[in-house]
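# Structural characterization, general
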Amino acid sequence: MDFQHVLQKAYNYGMLYKERGVTASYIPELAKEDKSRAGATLISPDGTVYEVGDSHYKFSIQSIVKVIIYLCVLECYDFDYIKRFVGVKPSAKPFNSIIELELSNKNIPVNPFINAGAIVSTALLQEKYGNNTFDFILNRTRDLINNDKLDYSRSIYHSESSCAYANRALTYMLLNDNIIPPHIDVDDLLNTYFKACSILVDSVDLANLSFILSRDGKNLAGEEILSPKHAKILRTIMATCGTYDYSGDFAIRVGIPAKSGVGGGIVTASKSGYGIGVYCPGLDSHGNSYVGMRMLRSIAQDLELNIY
Ligand code: DON
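As the structure is a computational prediction, the values presented were derived from the model and not from experiment.

Reading guide: rules and limits
Residues numbered from 1 in each chain as written. Predicted model: local features only at pLDDT ≥ 70, side-chain atom pairs only at ≥ 80, totals over all residues. Heavy atoms only, no water. Near = heavy atom within 4 Å. Polar contact = N/O pair within 3.5 Å; in protein donor to acceptor, adjacent residues only side chain to side chain. Areas by Shrake-Rupley, 256 points an atom, 1.4 Å probe, with all protein chains shown as cover. Nonpolar A, V, L, I, M, F, W, Y, C, P; charged D, E, K, R; others polar. Domains from an automatic or database assignment. Helix = DSSP H or I, 4+ residues; strand = E, 2+ residues; numbered from the N terminus. Buried < 20%, exposed > 50% of the residue type's maximum accessible area, 1.4 Å probe, protein only. Contact = heavy atoms within 4.5 Å. Disulfide = S-S within 2.5 Å. Pairing = 2+ DSSP bridges. Axes fitted to C-alpha atoms, helices over the stretch in contact; angles between N-to-C directions. Expected span 1.5 Å × (residues − 1). Core = buried A, V, L, I, M, F, W, Y, C linked by side-chain atoms within 4.5 Å. UniProt positions renumbered as here; feature names shortened; annotations may be inferred.

## As for the site of the ligand
Taken together, 14 residues lie near the ligand, and Tyr26, Gln62, Ser63, Glu160 and Tyr193 sit nearest. Side-chain polar atom of Tyr26 to an oxygen atom of the ligand: 2.5 Å apart, as the coordinates give it. In this structure, Tyr244 approaches the ligand through a side-chain N or O atom, which is 2.9 Å from a nitrogen atom. Starting from 340 Å² of accessible surface for the ligand in isolation, the protein chains cover 100%. Here the residues of the shell around the ligand are counted per class, giving six nonpolar, seven polar and one charged. Counting only domains with at least three residues in the shell around the ligand, you end up with domain 1 (3-57 + 202-303) and domain 2 (63-199).

## Observations concerning the side chain of Ser198
Looking at the element boundaries, Ser198 is found in the loop between α10 (186-197) and β4 (200-201). Under the relative-accessibility criterion, Ser198 is labelled buried at 0%. Among the polar contacts listed, one links the side chain of Ser198 to the backbone nitrogen of Tyr157, at a separation of 3.3 Å. If we ignore the near neighbours within four places in the chain, the residues touching Ser198 are Ser60, Asp151, Tyr152, Ser153, Ile156 and Tyr157.

## Digging into the state of the cysteines
By the definition in use, this model includes zero disulfides. Counting only cysteine sulfurs, Cys72 is the nearest neighbor of Cys76, a cysteine outside any disulfide, at a range of 7.2 Å. Note on Cys76: relative accessible area 18%, which makes it buried. Looking at the unpaired Cys280, the closest cysteine sulfur is the one in Cys197, lying at 20 Å.

## Overview of the side chain of Ser270
Residue position: Ser270 is located in the loop between β6 (265-268) and β7 (275-279). Classification of Ser270 by relative accessible area gives buried; the value is 1%. Residues in contact with Ser270, not counting those within four places in the same chain, are Ser214, Ile256 and Leu305.

## Overview of the sheet that holds strand β2 (residues 49-53)
Within the open sheet, the five strands sit side by side as β2-β1-β7-β6-β5. Their pairing is antiparallel. Both edges of this open sheet fall to β2 and β5 (258-260), since each of them pairs with a single strand only. Neighbouring strand axes in the sheet, compared pairwise and without regard to direction, differ in orientation by 10° on average. Bridge analysis of β6 against β7 gives three bridges, and the strand direction is antiparallel. Note that in β7 the partner of Gly265 across the bridge is Tyr279.

## Examining helix α14 (residues 290-303)
The end-to-end C-alpha distance of α14 is 20 Å, a good match for the 20 Å that 14 residues give at a rise of 1.5 Å each. With eleven of its 14 residues buried, α14 lies for the most part within the structure. If you follow the buried residues of α14, they end up packed against α1 (3-15), β1 (39-43), α13 (247-253), β6 and β7. The N-capping residue of α14, defined by a side-chain oxygen 2.9 Å from the backbone nitrogen of Gly292, is Ser289. Two residues or fewer past α14, Glu304 is found with a positive phi of approximately 55°.

## Considering the nonpolar core
The biggest cluster of nonpolar side chains holds 76 residues, and the ones touching the most others in it are Val65, Tyr70 and Ile180. Listed by contribution, the elements that provide at least two residues to this core are α3 (65-76), α6 (115-129), α7 (133-145), α8 (154-162), α9 (165-176), α10, α11 (203-214) and α12 (228-241). The element contributing the most residues to this core is α3, with ten residues. Split by domain, the residues of this core number at least three in each of domain 1 (3-57 + 202-303) and domain 2 (63-199).

## Thoughts on the UniProt feature "binding site: substrate" (unreviewed entry) in the protein
As annotated in UniProt, the feature "binding site: substrate" (unreviewed entry) corresponds to Ser63, Asn115, Glu160, Asn167, Tyr193, Tyr244 and Val262 in the numbering used here. Mapped onto the fold, Glu160 is located in helix α8. Glu160 has contacts with Ile27, Gln62, Asn167, Phe194 and Cys197, leaving out every residue within four places of it along the chain. Mapped onto the elements of the fold, Val262 is located in the loop between β5 and β6. Under the relative-accessibility criterion, Val262 is labelled buried at 8%. With residues up to four places along the chain from it excluded, the contact list for Val262 reads Ala24, Tyr26, Ile27, Leu30, Gln62, Phe95, Leu283 and Gly287.

Encoded structure:
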């Protein structure tokens, strides 16, 4: 199989749509990104890395970090205990929906990948790690991606923090409904979450994360970076909730478990052992990279990665 050709073809196809997406204007720093910049990285099951376009361009991980935050929670607490605070059901509303939280059973966020669910997950970590919570998340991200240079963007963090009105509203509702304990400091909690969302990655980093998730938590040398049990839970929630209220369409159009972020990245987790990460900052109305999704569709077709 000519993997470089598969990747180039996907890039060419995706770029036909580069005018269609819209950058995330609700975080002013992200609105400045160039919609014609795209990149993709594919790691074949033998560990060879193939790249196309701006594969080394750094962008903020945004909601993709919710996979890592939830993994940290799974590594700290029992699954049934976690479900008292955050569920594993698909969402029917946008990722920052307030009404979804109001309508959910006992006001528990339906899953860890919507904003409310990720904020609750961060609060669970804060209970355990206090002021070190962000460092803990950053270090776990570095381990999983195998890149100890990863850091967060101060400008994106400040940009989001300065106008995160919906996330603040969600957090106060969670406090009001006793999903988050009253002693938690809201600013500390949200600052941790915003810093985590601002971690800078490129498509190679995402492909490395994807490679580990796709191989049941093991790296190429066979070392266990996360447990197979947790890798399986993450792949499952990525399949059902990873692209929010678009997850059903994504399953039909692409057919690989994936998680998107409003920074423009998408990471996949196909059980077949491939690592795939894509980037392009123009988003569809659900907050998923418009070009990125099309690149993935092309790759999934050519490599027959559709799990359904
Ligand atoms: O909390 C937010 O709104 C952002 N930091 C992350 C949202 C996001 O990436 C949604 N994903 N597609």
